[in-house]
Amino acid sequence: MGMPSILVKLYSIFFKYSLKHKLQTLSLAPAGDDSFGVTSRLDEPVALANPSFTDGIATKDIHIDPFSALSLRLFLPDTVLLASSPADAHPISDRTSYGGYSPPTGKHQRRLPLVIQFHGGAFVGGSNDTVANDTFCKRIAKLCDVIVVAVGYRLAPEHRYPAAFEDGLKALNWLVKQANLVECKNSIGSVRTVGGGDVKRSGGQKRIFDSLGVSTVEPWLAAHWDPSRCVLLGVSCGANIADYVSQKAVEAGRFHEPVKVVAQVLMYPFFFGSVPTNSEVKLANSYLYDKSICKMVWKLFLPLEELNLDHPAANPLVPRKVALKCMPPTLTVVAENDIMRDRAIAYSEALRRVNVDAPLLDYKDAVHEFATLDLLLQTPQAKACAEDIAIWVKKYISLRGNELSY
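Below you will find a few notes about this structure. (Residues numbered from 1 in each chain as written. Predicted model: local features only at pLDDT ≥ 70, side-chain atom pairs only at ≥ 80, totals over all residues. Heavy atoms only, no water.)

**Comments concerning the overall build of the protein**
Piece 1. Per the secondary structure count, the protein includes 9 helices and 15 strands.
Piece 2. Here the protein holds 406 residues, and 57% of them are scored as buried.
Piece 3. At a minimum sequence separation of 6, the contacts of the protein that also span at least 24 residues come to 78%.
Piece 4. Within the structure as shown, the protein displays about 17700 Å² of accessible surface, and the carbon and sulfur contribution to it stands at 56%. (Helix = DSSP H or I, 4+ residues; strand = E, 2+ residues; numbered from the N terminus. Buried < 20%, exposed > 50% of the residue type's maximum accessible area, 1.4 Å probe, protein only. Contact = heavy atoms within 4.5 Å. Areas by Shrake-Rupley, 256 points an atom, 1.4 Å probe, with all protein chains shown as cover.)

**Some points on the side chain of Ser 127**
Piece 1. Within the secondary structure, Ser 127 is located in the loop between strand S6 (112–118) and helix H2 (131–144).
Piece 2. In terms of polar contacts, Ser 127 uses its side chain to reach the side chain of Asn 128, at 3.3 Å.
Piece 3. Excluding residues within four positions of it along the chain, Ser 127 makes contact with Thr 39, Ser 40, His 119 and Asn 133. (Polar contact = N/O pair within 3.5 Å; in protein donor to acceptor, adjacent residues only side chain to side chain.)

**Here we look at the packing of aromatic side chains**
Piece 1. Per the counting criterion, the structure on display carries 19 aromatic pairs.
Piece 2. A ring pair is formed by Phe 271 and Tyr 347, whose centres lie 5.7 Å apart and whose planes are at 90 degrees; its orientation type is edge-to-face. On the criterion of sequence distance, the pair formed by Phe 271 in the loop between strand S12 (261–267) and helix H6 (278–282) and Tyr 347 in helix H8 (residues 341–353) is long-range, its members being 76 residues apart.
Piece 3. Judged by relative accessible area, Phe 271 falls into the buried class, the value being 2%.
Piece 4. Above the plane of the ring of Trp 220 lies Lys 60, whose end atom (NZ or CZ) is 4.2 Å from the centre. (Phe/Tyr/Trp six-rings, centres within 6.5 Å; stacked < 30°, edge-to-face > 60°. Lys NZ or Arg CZ within 6 Å of the ring centre and 35° of its normal.)

**Thoughts on the nonpolar core**
Piece 1. In this structure, Met 267, Tyr 289, Trp 298, Phe 301 and Phe 370 are the most contacted members of the largest nonpolar core, which totals 123 residues.
Piece 2. The contact partners of Phe 370, leaving out residues within four places of it in the chain, are Tyr 268, Val 333, Val 334, Ala 335, Tyr 363, Leu 376, Thr 379, Gln 381, Ala 382 and Cys 385. (Core = buried A, V, L, I, M, F, W, Y, C linked by side-chain atoms within 4.5 Å.)

**Details of the pairing of strand S2 (residues 71–77)**
Piece 1. Along S2, 7 of the 7 residues are buried, which leaves the element largely enclosed by surrounding structure.
Piece 2. Neither face of S2 is exposed, since Ser 71, Arg 73, Phe 75 and Pro 77 on one face and Leu 72, Leu 74 and Leu 76 on the opposite face are all buried.
Piece 3. As judged from the 7 bridges shared by strand S1 (residues 57–63) and S2, these two strands associate in the antiparallel manner. Opposite Ile 62, over in S2, you have Leu 72 as the bridge partner.
Piece 4. As paired strands, S2 and strand S7 (residues 147–152) are joined by 5 bridges and run antiparallel to one another. Bridging from a neighbouring strand, Leu 74 pairs with Val 149 of S7. (Pairing = 2+ DSSP bridges.)

**Quick look at helix H7 (residues 291–301)**
Piece 1. Buried within H7 are the following residues: Ile 293, Cys 294, Val 297, Trp 298, Leu 300 and Phe 301. One side of H7 carries all its buried residues, which in axial view fall inside an arc of 160 degrees. (Arc of directions from axis to C-beta.)

**Here's the deal with the packing of helix H1 (residues 6–28) against H7**
Packed helices, taken two at a time, are described by the angle between their axes plus the distance between the axes.
Piece 1. Running from N to C, H1 and H7 point in directions that differ by 30 degrees, and their axes come no closer than 10 Å. Put simply, H1 runs roughly parallel to H7. Pair H1 / H7 crosses with left-handed handedness. Taken together, the residues of H7 that come into contact with H1 (itself represented by Lys 16, Leu 19, Lys 20, Leu 23, Gln 24, Leu 26 and Ser 27) are Ser 292, Ile 293, Met 296, Val 297 and Leu 300.
Piece 2. Class assignment for the residues of the contact of H1 with H7 results in 7 nonpolar, 3 polar and 2 charged. (Axes fitted to C-alpha atoms, helices over the stretch in contact; angles between N-to-C directions. Parallel < 35°, antiparallel > 145°, perpendicular 65-115°, else oblique. Left-handed = near helix turned anticlockwise from the far one by under 90°. Nonpolar A, V, L, I, M, F, W, Y, C, P; charged D, E, K, R; others polar.)

**A look at the environment of Thr 130**
Piece 1. With respect to the helices, strands and loops of the structure, Thr 130 is situated in the loop between S6 and H2.
Piece 2. Once you skip the residues sitting within four places of it in the chain, Thr 130 turns out to touch Glu 44, Pro 45, Val 46 and Ala 47.

**Looking at the pattern of salt bridges**
Piece 1. The final tally for this structure, using the stated rule, is 21 salt bridges.
Piece 2. Across the pair Glu 44 and Lys 22 runs a salt bridge whose closest N-O atoms are separated by 3.8 Å. Residue Glu 44 is found in the loop between H1 and S1, and its partner Lys 22 is found in helix H1; the two are separated by 22 residues along the sequence.
Piece 3. For Glu 44, a relative accessible area of 21% translates into the label partly exposed.
Piece 4. On the basis of relative accessibility, which here comes to 19%, the residue Lys 22 falls in the buried class.
Piece 5. Three or more residues joined by partner-sharing salt bridges are found here, namely Asp 55, Asp 61, Arg 73, Asp 134 and Lys 138. (Salt bridge = Lys/Arg side-chain N within 4 Å of Asp/Glu carboxyl O.)

**Let's talk about the pairing of strand S11 (residues 225–235)**
Piece 1. Counting buried positions along S11 yields 10 of 11 residues, so the element is predominantly enclosed.
Piece 2. Relative to S11, S6 runs parallel, the two being bridged by 6 bridges. From the neighbouring strand, Leu 114 faces S11, where its bridge partner is Cys 230.
Piece 3. Judged from the 6 bridges that link them, S11 and S12 form a sheet pairing that is parallel. Across the sheet, Cys 230 pairs through a bridge with Val 261, a residue of S12.
Piece 4. The parallel pair S11 and S12, bridged by helix H5 (residues 237–252), forms a crossover whose chirality is right-handed. (Right-handed = clockwise from strand over helix to strand, strands pointing away.)

**Some words on the sheet that holds strand S14 (residues 360–363)**
Piece 1. If you trace the 8 strands from one edge of the open sheet to the other, you get S1-S2-S7-S6-S11-S12-S13-S14, paired in mixed fashion. Of all the strands in the sheet, the pair left with one neighbour each is S1 and S14. When strand polarity is set aside, the average angle formed by the axes of neighbouring strands in this sheet is 20 degrees.

**Quick notes on the environment of Lys 142**
Piece 1. Position of Lys 142 relative to the elements: it lies in helix H2.
Piece 2. On the basis of relative accessibility, which here comes to 49%, the residue Lys 142 falls in the partly exposed class.
Piece 3. Considered as a pair, Lys 142 and Pro 77 are 65 residues apart in the sequence and their alpha carbons are 6.4 Å apart.

Everything listed here is a matter of geometry and, on its own, says nothing about what the molecule does.
Next up, the structure:
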């Protein structure tokens, strides 16, 4: 077995000390009555959204649930400015204002696939707007030429299971409703939203709204998103959420039309179980995440009455409602020095046995979150991993037709 670099070893010592302290502090904190929830921690640096294409990617934050802290960060690559002909093309400056990018009206707007991203952080930390996650999502948006929607789900222990998983599904449902609103808008002609969600047009009035407060069309998505090409991407514990949302998408079937989840990417998923795998024994004192930390995380995330390492949120190989053969194509990324690697490999193998396209990318000398942690993001291995993911994802989002909206 290969060994990580000296820098990674030193970083791991600091990381484990800090994470254990955070977990112990959170475990001792009195239970609050914050039904709204939190989606970030004050000790993690945040990248501000920038709705202009300063570095080739425009970003904006959207709060989609009036009853919780659930939010999204949108990453829009400047390739959406490409037009069908030189006559349609405009400089970026012509399409931006003080408030950021505003999609042009009219036809011939380029539509891109969408990646729904779920960040890591052991369910208790991380956020969709941290500097590290912002950098990673911009990298994926550029390499895959996609819109990225990073989900800011509620954190434990303020909100234990199933809050984060439900937030992941709410994000997908919000996107489904956005796609349907666009279709409705196109079918009823020119509309304008009025307070409370009333949509007026000549000859009548129609009311469009839903329980999540969706009453207006998000302009970036309305102009540039192709809902028939969606990929879920989860990082660490976010991979557990992505796999859950994939199962729910399979269950929903045609009820999620026109949105179609065509594939998912699970990056070093935070899988665990009561019967130890080979890696959970050999790497019990592994880098970044060891056996004691993993157990502390699950103790903080799962409700006390459901504290079981074979919980479906932790162990993907327990009996489940959705058959493995029905799952979408699944790319799994694992690291050589990750305690959780073997269970992820076993899940990938189980998918392949039922003829799901489920390749495995195994990175030598790597540690958990080697391609997404702040200190490791600029390493050659992290960049290579993102490029490898992009190559596979493009197989499932390549267009069968035209990228222009008419």
